[in-house]
Amino acid sequence: MSGLDDILTRIELARPAGSDPVRLLAVSKGQPVERIRVLAGLGQRHFGENYVQEGAAKIAALAGHGLVWHLTGPLQSNKCAEVARHFDWIETLDRAKLVGLLAAARPADHPPLQVLVQVKLDDEASKSGARAADVPELCRLIAAEARLCLRGLMTIPRPDPDPAGRRRRFAELRALFETLRADFPTLDTLSMGMSDDFELAIAEGATEVRIGTALFGPRPSPTIPSSDPPGAST
Ligand SMILES: *Cc1c(COP(=O)(O)O)cnc(C)c1O
């Protein structure tokens, strides 16, 4: 009945013997609140949203379900305050300017905001993601903020039809992660792998996979960043 069992089984089968459990982040962007509610009823706790307003509306609609919300979309500085108020995790912190803005805006009665640094592995045109060389300094800035908790790294590799190429990038991020762990003991999360390649990512050490279409099916509607999806506020 649910694609959830399927995905959880595939995650389990992909996991190298003796490795830590892998968390499923259900990427629910573009999906109606009802679909999220069904998955929550089946025990799924972590959900990812790409747009701040759409996410905030769903977070409000599903308050009290014990869900954990991750922002997986690009972060603009003028949205930091809203993100810090609503979300539990941010997976796309990629520049120093955002660190202080998020820390200052995190409400005092919330636990620290859990932070992943988004890393750009290919030195190409991609706008989002910190270059690997800049990641240690960014980690230092985050670790110095009491209202933020540095948890790990995230990447979205460029589309590559060659599985060996993707696998190499996942291995690269894993190597960076292992190096940083020596200096930053709170690092425990390596977020990589999506619907098309999560098994490869797990083989290379992912501790979190971000899955949308393989779990929900095709996204029903293009998501409009600046407005709430229909029905989300009920
Ligand atoms: C949409 C999205 C996903 C999920 O992608 P699918 O291919 O639908 O699994 C994962 N991570 C990020 C950052 C996304 O924007």
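Every chain's residues receive numbers from 1 upward, in the order its sequence appears when written. In keeping with the model being predicted, local features are shown solely for residues with a pLDDT of at least 70 and side-chain atom pairs are shown and tallied solely at 80 or more, while totals for entire chains, interfaces and linings include all residues. Side-chain numbers come from the whole structure's heavy atoms, not from hydrogens or water.

1. Quick notes on the pairing of strand β2 (residues 46-49)
To be explicit about the condition: Burial status follows relative accessibility: with a 1.4 Å probe on protein chains alone, a residue under 20% of its type maximum counts as buried, one over 50% as exposed, and anything between as partly exposed. Only DSSP runs of H or I with at least four residues qualify as helices, and only runs of E with at least two residues qualify as strands; both kinds are numbered from the N terminus onward. Whether two strands pair depends on DSSP finding at least two bridges between them. A crossover gets the label right-handed when its path from the first strand over the helix to the second runs clockwise, viewed with the strands pointing away from the viewer.
Burial of the side chains of β2 extends over both faces: His46 and Gly48 are buried on one face and Phe47 and Glu49 on the other. Two elements, strand β1 (residues 23-27) and β2, share two bridges in a ladder whose sense is parallel. Note on β2: the bridge partner recorded for valine 27 is glycine 48. A crossover links β1 with its parallel partner β2, the connecting element being helix α2 (residues 33-41), and its sense is right-handed.

2. Focus on the nonpolar core
This is how the line gets drawn: Side-chain atoms within 4.5 Å are what join buried Ala, Val, Leu, Ile, Met, Phe, Trp, Tyr and Cys residues into a set we call a nonpolar core. Residues are treated as being in contact if the distance between any of their heavy atoms lies within 4.5 Å.
Counting 59 residues, the largest nonpolar core has Leu102, Val117, Val135, Ile142, Leu153, Val209 and Leu215 as its most contacted members. When residues of this core are assigned to their parent elements, the largest contribution, five residues, is made by helix α7 (residues 163-181). The contacts of valine 209, once residues within four sequence positions are left out, are Ile11, Val22, Arg23, Leu24, Leu25, Met192, Gly193, Phe198 and Ile202.

3. Section: the site of the ligand
Defined as follows: Summary of the distance rule: residues count as near a molecule or strand when at least one heavy atom falls within 4 Å of that molecule or strand. Pairs of N or O atoms are called polar contacts if they sit within 3.5 Å, as long as, within protein, a hydrogen donor faces a hydrogen acceptor (for residues adjacent in sequence, only side-chain-to-side-chain pairs). Computed with the Shrake-Rupley method and a 1.4 Å probe, the accessible areas treat only the protein chains shown as cover for residues. Just so you know the grouping, Ala, Val, Leu, Ile, Met, Phe, Trp, Tyr, Cys and Pro go in nonpolar, Asp, Glu, Lys and Arg go in charged, and all remaining residues, Gly too, go in polar.
By nearness alone, 13 residues border the ligand, and Lys29, Asn50, Ser195, Gly212 and Thr213 come closest of all. For the ligand, an oxygen atom lies 2.8 Å from a polar atom in the side chain of asparagine 50. In this structure, a nitrogen atom belonging to the ligand sits 2.9 Å away from a side-chain N or O atom of arginine 210. For the ligand, the protein covers 89% of the area, taking 390 Å² as the surface of the free molecule. For the shell around the ligand, the residue count by class is five nonpolar, five polar and three charged.

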